[in-house]
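# Structural characterization, general
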Amino acid sequence: MSSPDISVVICVYTEDRWQDILAAVSSVRAQSLPALETLLVVDHNAILLDRLSREYKETAAVRVLANAGPRGLSAGRNTGIAVAHGEIIAFLDDDAVAERDWLRHFASGYADPRVMAVGGRTMPIWASGRRPAWFPEEFDWVVGCTYKGLPPGRVQVRNVLGGNASFRRTAFDAAGGFATGIGRDGDKRPLGCEETELCIRLTRARPDAILLIDDRAVIHHRVPEPREHFAYFRTRAYAEGLSKALVARSVGADKGLESERRYTTRVLPAGVARGLRDALLARPGGAGRAGAIVAGVLTAAGGYVLGSVRARRGGGTFTVAEIENGTESGPGREAAAGRGHEGGAGR
């Protein structure tokens, strides 16, 4: 059986990540299973668009295009989906590099026609050279990476993680694109959950759909120095609570918080216990990790409560784009989560 054609979409927005962008593209071009094309979608940055267009003007397999929708990660991804030619569309963060067999492992997951999405494992590259002693692995989603508590191997999941994921094109035909108003939109607050909302919407549209994570599909994600500090950890946890409230308001708490219940009742208590044990054994960072887990849970819960109140009062509309080959067809359908707009990004 031949492997499916795969288009890779990398959304970019700032020249500050120039070297990271070049490294991301190089890692795609070095894949053991070649991508059909790499699409660089530039988010409302004319200077970066021009610079990348000149950089890759002689490279037929790399296309540079402008985000055709509103500012933000979701609209950028939808722009890439609309023009992609591949049967499978994969997404890679602009500050990450993929291991050589990344696409090969994605492709193998689609042997079953019921599989609509395959995600991978994202490993942190800490700017300081090592994980901060206080930073719990259970909260690696804070920095866009795979967190402790996800099952190993190739397993069925509720949702894949957006920076290292792939979908069948037909998944977007069934469910529409990423919702604008959830993903990153230039807001300084790092909100998120756009891929969670999409995956839940997909399995509602296609109840037979299977979504997988294959931990052999590995990328390495750069964590800048400011994100190694507790201030960012706390801000990101609070933003996650706000985002989860918006998703739960749209798809219902049962599905919107399904994975989070296991995470908070089993994974996190075990992490606190390990941290306290390490503290008793005088191992570095044990007390800090236990404290960070407790603080992260309380902060996220606070964000969720506030986000729920805002949603009930009419805050937090997001729009699902209808995507057709070659174009994003109009504003799409509005999700029933109130009025207003909350932006962000994350897991």
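Residues numbered from 1 in each chain as written. Predicted model: local features only at pLDDT ≥ 70, side-chain atom pairs only at ≥ 80, totals over all residues. Heavy atoms only, no water.

## Things to note about the nonpolar core
Grouped together as the largest cluster of nonpolar side chains are 34 residues, with contacts concentrated most on V8, I10, L40, L52, L92 and W102. Setting aside its immediate chain neighbours within four residues, W102 contacts V8, V28, Q31, A90, F91, L92, N164, A217, V218 and I219. (Core = buried A, V, L, I, M, F, W, Y, C linked by side-chain atoms within 4.5 Å. Buried < 20%, exposed > 50% of the residue type's maximum accessible area, 1.4 Å probe, protein only. Contact = heavy atoms within 4.5 Å.)

## Some details on the pairing of strand 3 (residues 62-66)
Relative to strand 3, strand 2 (residues 37-42) is paired through 5 bridges, and the arrangement is parallel. Residue pairing for strand 3: V41 is matched across the bridge by L65. (Pairing = 2+ DSSP bridges. Helix = DSSP H or I, 4+ residues; strand = E, 2+ residues; numbered from the N terminus.)

## Let's talk about the pattern of salt bridges
In this structure the tally under the stated criterion is 20 salt bridges. R222 serves as the salt-bridge partner of D20, at 2.9 Å between the closest nitrogen and oxygen. Taken together, the residues D20 in helix 1 (residues 18-29) and R222 in strand 10 (residues 210-223) connect sequence positions 202 residues apart. Between K244 and E240 there is a salt bridge, and its shortest N-O distance comes to 2.7 Å. (Salt bridge = Lys/Arg side-chain N within 4 Å of Asp/Glu carboxyl O.)

## Focus on the packing of helix 1 against helix 2 (residues 46-55)
In the contact formed by helix 1 and helix 2, the axes pass within 13 Å of each other and the chain directions differ by 40°. Taken as axis vectors, helix 1 and helix 2 run oblique relative to one another. For helix 1 against helix 2, the interelement crossing comes out right-handed. Residues W18, I21 and L22 of helix 1 pack against L48, R51, L52 and E55 of helix 2. For the contact of helix 1 with helix 2, the residue count by class is 5 nonpolar, no polar and 2 charged. (Axes fitted to C-alpha atoms, helices over the stretch in contact; angles between N-to-C directions. Parallel < 35°, antiparallel > 145°, perpendicular 65-115°, else oblique. Left-handed = near helix turned anticlockwise from the far one by under 90°. Nonpolar A, V, L, I, M, F, W, Y, C, P; charged D, E, K, R; others polar.)

## What to know about helix 6 (residues 194-205)
The end-to-end C-alpha separation of helix 6 is 17 Å, in line with the 16 Å expected for 12 residues at 1.5 Å each. The element helix 6 is largely enclosed, with a buried count of 9 among its 12 residues. Of the residues making up helix 6, those classed as buried are E194, E195, T196, E197, L198, C199, I200, R201 and L202. (Expected span 1.5 Å × (residues − 1).)

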